Amino acid sequence: MSAANANIKELDQRLAEKWISGIWRIPAGARPAAPKTKVLPHLWKWADVYEGLVQARDQINVERGAAERRTLRLVNPGVKDMEMTSHTMLFAFQMIQPGEVAPPHRHTMSAIRFILRGSGAYTNVDGAKMVMEDGDLILTPQWSWHEHAHEGAEPMIWIDGLDVPFIQSLQVISFEPYPENRMPVRSDTHDPANYGMTRPVTTAENKLAAPLHYRWRDIYPVLKHLAEGEPHPYEGYAMEYVNPLTGGSTLPTLSCWIQLLRPGQRTQSHRHTSTVLYHAFSGNGTTVIDGKPFHWEKGDSFVVPLWHWHEHANLSAAEDAILFSMNDAPVLKPFGLYREEGPGKSQLGL
Ligand code: GTQ
Ligand code: FE2
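Residues numbered from 1 in each chain as written. Chains lettered and ligands numbered in written order. Predicted model: local features only at pLDDT ≥ 70, side-chain atom pairs only at ≥ 80, totals over all residues. Heavy atoms only, no water.

A. A look at the nonpolar core. One finds Ile112, Phe114, Leu137, Tyr241, Ile258 and Phe324 to be the most contacted residues of the largest nonpolar core, which totals 48 residues. Every residue in contact with isoleucine 112, bar those within four places of it in the chain, is listed here: Leu137, Ile138, Leu139, Ile159, Asp160, Gly161, Leu251, Cys256, Phe324 and Met326. Judged by nonpolar contacts, the second largest core, of twelve residues, contains Val276, Tyr278, Val304 and Ala321. (Core = buried A, V, L, I, M, F, W, Y, C linked by side-chain atoms within 4.5 Å. Buried < 20%, exposed > 50% of the residue type's maximum accessible area, 1.4 Å probe, protein only. Contact = heavy atoms within 4.5 Å.)

Below, the structure written as structure tokens:
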């Protein structure tokens, strides 16, 4: 330390008493040359999630005033005190039993549901009753009323994807229970599967002009068709679920993708400033993240943290692999913060 800076501690102390701080106090290295995250690459096994849900089924009653959702969160070990899956997003697994109602509410967090197994449950979003089938994606935009109910015969399981930690970081969380125990079902809601590129003229304020339900039976044939063409070097065959009204991302803060890797297919390595939460919907393969292989099978979930090199491989010689994913690129791109780099050197070592 030079003589001129020798008494800096005294100055710092005097300033601190007045709630003022010199910028020289920022430690060297606190502003890295390239983005650095505390979020760690991690993989969660389906068996652990499923067994947890089965145990919670017997011990948690879903009802108003008690546990309003039977939901397990994936906790990233790098930011474990947050109990979130990354610094921006949450992946959780929800189970509902026949006859149960997960009571209606709304919040400033946006949510997606990706349906994994069961039949007969539905989500009511602002009056639209959306019956869940495996592989469907159902949106709950921020501040929309929503409840889940189950008219089927076996437990139903889906993924909840939310922007909770991002909304938390902006300190704008609001949560409101619905004033009644149940939400009414509306008959004039716009379902693109029924109306295509038109929408009903209604006297009610039609908040459901944006389609909210992407059905697997519509998505899968398109994905298979895409997989007959040229693959994307980093993604294999991938589609983003778009908002058809704006052509923009799935939700203002979240983008959902469905991605297919043909048998034996490998992608090239790249990295970007968005973080991605993946769920293996079918098949099995390996994703190498910053040199470390993560082997995934149907039902497993994993996170690729921002600015980590990653490449995917479908190791099966016979079976397609399908990955569902959710990323936070929509909160980066409008501010010029989205950056990507590639191709990197393959670290698959096969
Ligand atoms: O089902 O409404 O996993 O509000 C977290 C917050 C699910 C839901 C979650 C929620 C919900
Ligand atoms: Fe909710």
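B. Molecular detail of the packing of aromatic side chains. Under the defined criterion, the tally for this structure stands at eleven aromatic pairs. With a centroid separation of 5.3 Å and 25° between ring planes, the pair formed by tryptophan 216 and tyrosine 220 is classed as stacked. Separated by four residues within a single helix, tryptophan 216 and tyrosine 220 lie in helix H5 (residues 216–226), roughly one turn from each other. Given the relative accessible area of 14%, tryptophan 216 is considered buried. Residues tryptophan 296 and phenylalanine 302 carry aromatic rings whose centres are separated by 6.2 Å and whose planes lie at 10° to one another, so their mutual orientation is stacked. When sorted by exposure, tryptophan 296 lands in the same class as phenylalanine 302, which is buried. By the ring-pair criterion, three or more aromatic residues cluster together here, those being Phe114, Tyr214, Trp216, Tyr220, Tyr241, Phe281 and Phe324. Looking at arginine 117, its charged tip hangs above the ring of tyrosine 50, at a distance of 5.0 Å from the centre. (Phe/Tyr/Trp six-rings, centres within 6.5 Å; stacked < 30°, edge-to-face > 60°. Helix = DSSP H or I, 4+ residues; strand = E, 2+ residues; numbered from the N terminus. Lys NZ or Arg CZ within 6 Å of the ring centre and 35° of its normal.)

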